[in-house]
Amino acid sequence: MSNTHFRTCHLCETMCGIAVEYEGDQILSIKGDVYDVLSRGNICPKATGLQDVHTDPDRLRKPIKKINGEWLEISWKDAFQEVGSRLAEIQRRDGMNAVASYEGRSTAHNLGCLLMVDPLRRFMGTENIYTASTVDQQPHNFVWYFMLGHQFMATIPNLDRTDYYLMLGTNPKVTNGAQMATGANTYKKLQAIRKRGGKVLLIDPRRNETAPYCDEHHFIKPATDALLLIGLIKTVFAKGLATPGRLKNHITGWEKIEPAISEFDLEEIANATGIGAADIERIAIEFASAKSAICYGRTGLSMQEFGGLCNWLMQVLNVVTGNMDEPGGMMFPKTAIDTFSVLESVKGNYGRYHSRVSGRPEFADELPVSVLAEEIMTPGKGQIKGLIAIAGNPALAMPNGKLLEEALDQLEFMVSIDPYLNETSRHADIILPAVGPFEKSHYDLFYHTYDTINWAKYSPALFKPEAPGYTDYEIIAEVLRQVVVKRASNPLKKLFAQSLGWLLLKTITPELILDLGLRFGPYGKGLNPFKEGLSLKKLKENPHGVFISKLQRSLPEGLFTKDKKLHLAPEILLSDLPRLKQRWLSGEPEKPSEFDLLIVSRNTNRTLGWMHNSLRLVKGKETCTLLIHPDDASRRKIIDNTYVTVSSVTGSIEVLVKISDVMMPGVVSMPHLWGHTRPGTRLSVANAHPGASMNDITNEKVMDELTGNAVVNGVPVKVEASKDARVGDTTPAHENETIEEFIA
Ligand SMILES: Nc1nc2c(c(=O)[nH]1)N[C@H]1C(S)=C(S)[C@@H](COP(=O)(O)OP(=O)(O)OC[C@H]3O[C@@H](n4cnc5c(=O)[nH]c(N)nc54)[C@H](O)[C@@H]3O)O[C@H]1N2
Ligand SMILES: Nc1nc2c(c(=O)[nH]1)N[C@H]1C(S)=C(S)[C@@H](COP(=O)(O)OP(=O)(O)OC[C@H]3O[C@@H](n4cnc5c(=O)[nH]c(N)nc54)[C@H](O)[C@@H]3O)O[C@H]1N2
Ligand code: SF4
Ligand SMILES: [Mo]
């Protein structure tokens with residue numbers, strides 16, 4: 001007899017509800033949960049790949065240790081002991097900063113990892129904290145911190161009520177939420193906007209898969225978006241359409257905006273971006289005149305040279321047209337567990353210390369991941385000798401991954417907390433794998449901050465793991481306990497750390513934290529048995545989630561700034577404008593270079609980097625392809641469906657080429673987190689579908705100077721036909737498959 005288990009798919013921020021049909025410990029199917037409060041049955045193909053992760057023979061179930069280049073299984077007890085003593089030894093000898101940590105994106109999707117982020121930082125006491133955020137959304141966090149007072153006070157496009165949606169550098173048809181908890185098939189929300197008479201626009205150097213769901217698509221030269229946004233804001237002011245609306249008395253810096261951008265000329269902006277001045281003016285007028293409007297951009301804007309400026313200017317456009325904190329504009333969720341008000345430490349900070357080698361400022365206790373390799377490879381006081389890598393694969397994910405791999409090999413000790421022996425963990429000395437995706441409970445402690453409605457949902461574990469089987473929470477907690485104990489300078493301190501750590505581990509479970517968080521959150525029942533409200537029990541009784549409300553207005557009360565004002569013109573952002581002007585509008589012609597094309601990134605429809613070991617997701621046509629415009633291809637005598645060489649100042653790769661006019665001339669595009677060609681991994685399916693790693697050609701030295709975010713869009717490259725042009729498959733360049741098509 002089969003049963004159905006309801007839970008949230010934890011693969012991305014979209015947070016879809018899934019219905020898992022199972023019998024015994026076998027999964028029979030994974031479908032969308034039609035009763036899920038958020039997603040109403042919508043899912044994407046990736047969710048079905050979770051079944052493969054569950055059964056994957058390559059997924060590690062026990063700790064392994066590298067001994068003379070061979071991986072051997074060891075007991076959990078020995079593994080924890082060794083990790084603890086090796087890390088403690090390094091810190092005792094070389095200081096706290098000699099051990100670093102890298103937390104990848106799966107941290108944010110994992111209850112156990114999330115609960116341990118703060119303890120990890122406190123107990124390891126190191127300034128060398130790196131995460132995937134600095135190759136992703138750091139510019140958003142930076143701007144929210146300086147404008148709204150909290151790095152996680154996320155502005156959420158209120159798609160369900162908007163009349164005008166201007167998107168830049170994002171592809172929701174493929175990526176869905178992309179930092180919005182929407183439920184899958186976000187394109188239906190775009191269709192709904194148009195159906196009710198609204199308008200949807202896309203600005204992107206690639207006419208991506210979302211373009212067919214838009215009224216207009218405009219190509220833009222990579223990394224010039226900040227100029228376009230300035231053009232839009234200028235026009236709004238020039239036409240007398242600027243209005244603060246309800247927030248009039250709660251904004252500072254309004255008067256600084258117009259003067260700050262006055263020197264940027266609209267014709268020059270048009271020339272630099274490739275979007276005509278008449279179009280810029282028209283879009284600005286339409287945007288400001290619409291009943292409600294949203295300007296929103298994602299990784300195309302955050303992972304480029306002006307990530308900080310782009311994210312700030314988008315918010316400025318929303319504010320000066322009266323669309324901040326308004327239905328149909330940008331809104332703010334109110335989460336059931338209010339982690340961000342409780343933990344003062346996560347609000348954000350800036351520049352309290354700097355990276356040792358190139359002096360990059362810290363933001364929110366993190367240093368840019370682009371400096372991790374140099375911090376490991378440069379000798380001197382404070383050099384990184386040990387690394388805790390959690391739920392991330394920086395060898396493929398960060399710029400110049402190969403350099404990072406060289407650096408990882410120089411470490412004295414590295415532990416990976418990861419279920420796979422992959423491109424990064426192969427450099428570790430010990431790998432500690434947590435239980436599988438259905439063997440632990442789930443609550444989106446982090447991604448509820450991107451909620452498009454106010455709601456809450458808890459998913460219990462479905463299966464019991466093979467004994468002993470530890471969750472990420474237990475693994476990280478035990479590693480910390482071991483390090484603290486072994487670092488202790490005298491027996492009394494050791495005993496105290498040992499007992500307290502043990503007591504905390506046994507009594508403070510994730511479920512207890514969740515229950516308290518829910519009870520004392522904004523919708524909680526507290527400890528009053530007669531009061532209606534949220535508790536963990538209530539969520540357990542509602543496996544499809546509990547709907548609380550649509551998003552409500554929440555400013556100015558909800559602001560985290562000390563003066564309770566929205567800071568429209570933070571000095572730090574204003575001060576970056578000259579860099580933008582110098583880069584694009586200096587009047588000097590660009591120097592000719594052999595790297596005469598610009599490469600940009602994209603996500604692919606069916607996959608997510610670390611899911612490439614799921615056969616059902618990677619089989620069929622090759623998706624790791626380079627897209628190039630026909631004119632650029634013919635000039636280089638490139639033939640469709642052959643392998644080409646793409647090189648940059650960093651290195652070169654070979655990749656299958658698809659010639660397509662979806663690309664802006666002068667720009668090429670390829671997906672990231674491929675390139676499963678490194679020896680010594682245990683990824684049998686991924687190795688058979690390797691692709692190439694885009695980050696073998698990106699440059700760790702180039703970053704958004706303001707926020708430290710890595711630049712993986714707009715990287716100069718050269719593309720050449722390979723000498724022995726191998727022929728690839730013959731599938732079309734556009735991947736417009738829907739879940740229905742895929743499953744059929
Ligand atoms: N299927 C799938 N979905 C995913 C993921 C996945 O791996 N696979 N990953 C998830 C994660 S972690 C994230 S962060 C999100 C990312 O979500 P998105 O930001 O939607 O991701 P992309 O598909 O990379 O879309 C970025 C777009 O920016 C464009 N672009 C590049 N450079 C520029 C530029 O300079 N200016 C402009 N205007 N556009 C530019 C690219 O052509 C591309 O179309 O997706 C999430 N969803
Ligand atoms: N060129 C280029 N580079 C990019 C991007 C781009 O657009 N272009 N995008 C960037 C973006 S948006 C992101 S988010 C990053 C992603 O960068 P990373 O987070 O570093 O890369 P992932 O491949 O997602 O790594 C996830 C890791 O988590 C592990 N994992 C899976 N489940 C669990 C679990 O339950 N517990 C633990 N402990 N581990 C688990 C997987 O095995 C894998 O090793 O890449 C960035 N890099
Ligand atoms: S969009 Fe796909 S991967 Fe993301 S949560 Fe939904 S089903 Fe999972
Ligand atoms: Mo991401």
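What counts, and at which threshold
- Residues numbered from 1 in each chain as written.
- Chains lettered and ligands numbered in written order.
- Predicted model: local features only at pLDDT ≥ 70, side-chain atom pairs only at ≥ 80, totals over all residues.
- Heavy atoms only, no water.
- Helix = DSSP H or I, 4+ residues; strand = E, 2+ residues; numbered from the N terminus.
- Rg over C-alpha atoms; globule rule 2.2 N^0.38 Å.
- Buried < 20%, exposed > 50% of the residue type's maximum accessible area, 1.4 Å probe, protein only.
- Contact = heavy atoms within 4.5 Å.
- Areas by Shrake-Rupley, 256 points an atom, 1.4 Å probe, with all protein chains shown as cover.
- Near = heavy atom within 4 Å.
- Polar contact = N/O pair within 3.5 Å; in protein donor to acceptor, adjacent residues only side chain to side chain.
- Nonpolar A, V, L, I, M, F, W, Y, C, P; charged D, E, K, R; others polar.
- Domains from an automatic or database assignment.
- Core = buried A, V, L, I, M, F, W, Y, C linked by side-chain atoms within 4.5 Å.
- Salt bridge = Lys/Arg side-chain N within 4 Å of Asp/Glu carboxyl O.
- pLDDT = per-residue confidence, 0-100.
- Pairing = 2+ DSSP bridges.
- Axes fitted to C-alpha atoms, helices over the stretch in contact; angles between N-to-C directions.
- Parallel < 35°, antiparallel > 145°, perpendicular 65-115°, else oblique.
- Left-handed = near helix turned anticlockwise from the far one by under 90°.

Brief notes about the overall build of the protein chain
Argument step 1. A count of helices and strands for the protein chain gives 27 helices and 28 strands.
Argument step 2. For 744 residues, the compact-globule formula gives about 27 Å, and the C-alpha radius of gyration of the protein chain, at 25 Å, lands near that figure.
Argument step 3. Each of the three principal axes of the protein chain carries a C-alpha extent, and together these read 70 × 70 × 60 Å.
Argument step 4. Within the protein chain, the proportion of its 744 residues that are buried is 63%.
Argument step 5. Nonlocal contacts in the protein chain, meaning residues at least 24 apart in sequence, comprise 74% of its contacts between residues at least 6 apart.
Argument step 6. As displayed, the protein chain has an accessible area near 28100 Å², and 54% of this comes from carbon and sulfur atoms.

Observations regarding the site of ligand 2
Argument step 1. Looking at ligand 2, there are 28 residues lining it, with Tyr102, Arg105, Ala397, Asp418 and Asp472 nearest.
Argument step 2. Taking Asn110, its side chain carries an N or O atom lying 3.2 Å from an oxygen atom of ligand 2.
Argument step 3. The contact in question runs from an oxygen atom of ligand 2 to an N or O atom on the side chain of Asn422, over 2.8 Å.
Argument step 4. When ligand 2 sits alone it has 910 Å² of accessible area, and the protein chains cover 95% of it.
Argument step 5. Every element with two or more residues in the shell around ligand 2 is listed here: helix 3 (105-108) and helix 16 (394-397).
Argument step 6. Looking at the shell around ligand 2, its residues break down into 14 nonpolar, 9 polar and 5 charged.
Argument step 7. Taken domain by domain, the shell around ligand 2 gets at least three of its residues from each of domain 2 (64-136 + 339-550) and domain 4 (582-743).

Looking at the site of ligand 3
Argument step 1. The immediate surroundings of ligand 3 are formed by Cys9, Leu11, Cys12, Thr14, Met15, Cys16, Ile43, Cys44, Lys46, Ala47, Asn176 and Ala184.
Argument step 2. Its residues assigned to classes, the shell around ligand 3 comprises 9 nonpolar, 2 polar and 1 charged.

Examining the nonpolar core
Argument step 1. By size, the foremost hydrophobic cluster in this structure holds 150 residues, and its most contacted members are Tyr165, Leu166, Trp312, Leu432, Tyr443, Leu566 and Leu580.
Argument step 2. Residues contacting Tyr443, with those up to four places away along its chain left out, are Leu111, Ala336, Ile337, His448, Ala456, Lys457, Tyr458, Leu514, Leu518 and Leu539.

With respect to the side chain of Ser693
Argument step 1. Residue position: Ser693 is located in the loop between helix 26 (684-688) and strand 28 (715-721).
Argument step 2. With residues up to four places along the chain from it excluded, the contact list for Ser693 reads Leu396, Ile653, Trp674, Gly675 and Arg678.

Overview of helix 20 (residues 510-519)
Argument step 1. When we look at burial in helix 20, the residues that qualify are Pro510, Leu514, Asp515, Gly517, Leu518 and Arg519.
Argument step 2. Of the surrounding elements, those touching the buried residues of helix 20 are helix 4 (111-124), helix 18 (472-487) and helix 21 (536-541).

With respect to the pattern of salt bridges
Note on pairing: side chains with opposite charge can pair once their charged atoms come close.
Argument step 1. Within this structure, the stated rule accounts for 47 salt bridges.
Argument step 2. For Arg122, the salt bridge goes to Asp118, with nearest N and O atoms at 2.7 Å. Within this pair, Arg122 and its partner Asp118 are both found in helix 4, separated by 4 residues, close to a single helical turn.
Argument step 3. The partner of Glu263 in a salt bridge is Lys581, and the shortest N-O contact between them spans 3.9 Å. Taken together, the positions of Glu263 in the loop between helix 9 (254-261) and helix 10 (266-273) and Lys581 in helix 23 (residues 577-584) put the pair 318 residues apart, joining distant regions of the chain.

Regarding the confidence of the model for the protein chain
Argument step 1. Per-residue pLDDT for the protein chain has a mean of 95; in total, 98% of the residues score no lower than 70.
Argument step 2. For the stretch residues 731-744, pLDDT sits under 50, and the model shows 33 contacts to residues farther than four places along the chain or on other chains.

Considerations on the sheet that holds strand 17 (residues 386-390)
Argument step 1. Taken in spatial order, the 7 strands of this open sheet run 5-4-19-18-17-6-7, and their pairing is mixed. Each end of this open sheet is capped by a strand with a single partner; those strands are strand 5 (70-73) and strand 7 (129-131). On average, each strand axis in the sheet is inclined to that of its neighbour by 20°, with strand direction left out of account.
Argument step 2. Contacts from helix 2 (residues 76-94) reach strand 4 (64-67), strand 6 (99-103), strand 17, strand 18 (413-417) and strand 19 (430-432), with the element oriented near 120° to strand 19.
Argument step 3. Those strands touched by helix 18 are strand 17, strand 18 and strand 19, and its axis lies near 155° from that of strand 18.

Points about the packing of helix 8 (residues 225-238) against helix 13 (residues 307-320)
Argument step 1. Between helix 8 and helix 13, the least distance of the axes is 9 Å, while the angle of their chain directions is 20°. Considered as vectors, helix 8 and helix 13 are oriented roughly parallel to each other. Note that helix 8 runs across helix 13; the crossing there is left-handed. Contact with helix 8, carried on its side by Asp225, Ala226, Leu229, Ile230, Leu232, Ile233, Val236 and Phe237, involves Leu309, Cys310, Leu313, Met314, Val316, Leu317 and Val320 of helix 13 and no other residues of that element.
Argument step 2. Class assignment for the residues of the contact of helix 8 with helix 13 results in 14 nonpolar, no polar and 1 charged.

Focus: the packing of helix 8 against helix 9
For any two helices packed against each other, the geometry comes down to the angle between their axes and how far apart the axes lie.
Argument step 1. Between helix 8 and helix 9, whose axes approach to 10 Å, the crossing angle comes to 115°. The crossing of helix 8 and helix 9 is left-handed. Residues Ile230, Ile233, Lys234 and Phe237 of helix 8 pack against Trp254, Ile257, Glu258 and Ile261 of helix 9.
Argument step 2. Of the residues assigned to the contact of helix 8 with helix 9, the class counts are 6 nonpolar, no polar and 2 charged.

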